[in-house]
Amino acid sequence: MNMKDLYQELIIDHGTHPRNCCVLANANGTAEGFNPLCGDKIQVYLKIENQKIENASFTGSGCAISIASASLMTEALIGKSVQEALALSHAFHAVLVNDNNNDHLNGKLTALIGVKAFPARVKCATLSWHTLRAALEHNSKTVSTEN
Ligand code: FES
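The rules behind each value
Residues numbered from 1 in each chain as written. Predicted model: local features only at pLDDT ≥ 70, side-chain atom pairs only at ≥ 80, totals over all residues. Heavy atoms only, no water. 1 Å grid on protein atoms, 1.4 Å probe; cavity = no way out; pocket = protein on both sides within 12 Å on 5 of 7 lines; lining within 4 Å. Points joined across faces, edges and corners; volume = space filled by probe spheres on them. Helix = DSSP H or I, 4+ residues; strand = E, 2+ residues; numbered from the N terminus. Nonpolar A, V, L, I, M, F, W, Y, C, P; charged D, E, K, R; others polar. Axes fitted to C-alpha atoms, helices over the stretch in contact; angles between N-to-C directions. Parallel < 35°, antiparallel > 145°, perpendicular 65-115°, else oblique. Left-handed = near helix turned anticlockwise from the far one by under 90°. Contact = heavy atoms within 4.5 Å.

**Observations regarding empty space enclosed by the protein**
Then comes step 1: By the definition in use, this model includes 1 cavity of 30 Å³ or more.
Then comes step 2: Counted as a void, the largest cavity has a volume near 30 Å³.
Then comes step 3: Every residue along the wall of the largest cavity is listed here: Ser89, Phe92, His93, Thr126, Trp129, His130 and Arg133.
Then comes step 4: Secondary structure elements with two or more residues in the lining of the largest cavity: α3 (82–96) and α4 (122–136).
Then comes step 5: Top contributing element to the lining of the largest cavity by residue count: α4, with 4 residues.
Then comes step 6: Taken together, the residues of the lining of the largest cavity break down into 2 nonpolar, 4 polar and 1 charged.

**Concerning the packing of α3 against α4**
For any two helices packed against each other, one specifies the crossing angle of their axes together with the interaxial distance.
Then comes step 1: At their nearest, the axes of α3 and α4 sit 10 Å apart, and the two run at 155° to each other. One element, α3, and the other, α4, form an angle in the roughly antiparallel class. Our pair here, α3 against α4, has a crossing hand that is left-handed. Contacts between α3 and α4 involve Val82, Ala85, Leu86, Leu88, Ser89, His90, Phe92, His93 and Leu96 from the former and Val122, Ala125, Thr126, Trp129, Leu132, Arg133 and Leu136 from the latter.
Then comes step 2: Residues of the contact of α3 with α4, tallied by class, amount to 11 nonpolar, 4 polar and 1 charged.

So far we have only geometry, and geometry alone does not tell us how the molecule works.
As structure tokens, then:
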């Protein structure tokens, strides 16, 4: 199996069996993100202690790519500092939207880089990351992929 097939399998796996897909009852950072192009919404929940993300989850409805991205994102966030999470979010955006290099993206998140080949789906992949930034910044407004 080549890397492309492996990445596709990972996205299908996380899109159909998302990890950390639940409301986090004791979350102290939450936000809602919206993709107005399709109407899909994602909520992100963070439990932050001493500037460290102790737990992360999401809920919402979306296409397989948006759900896979949210699932992979929450897995990557747990245990990171708030600064590391923000840096990861900026790196993800830079790779998918600005076509920068991917030095900062590693592990399973690299599976999402292939979405760049389908420009119409980039906002699906970035929806949860927009929402993450709002949750980290305690932005209570619904954030949009179009802003
Ligand atoms: Fe709505 Fe992908 S089609 S987020």
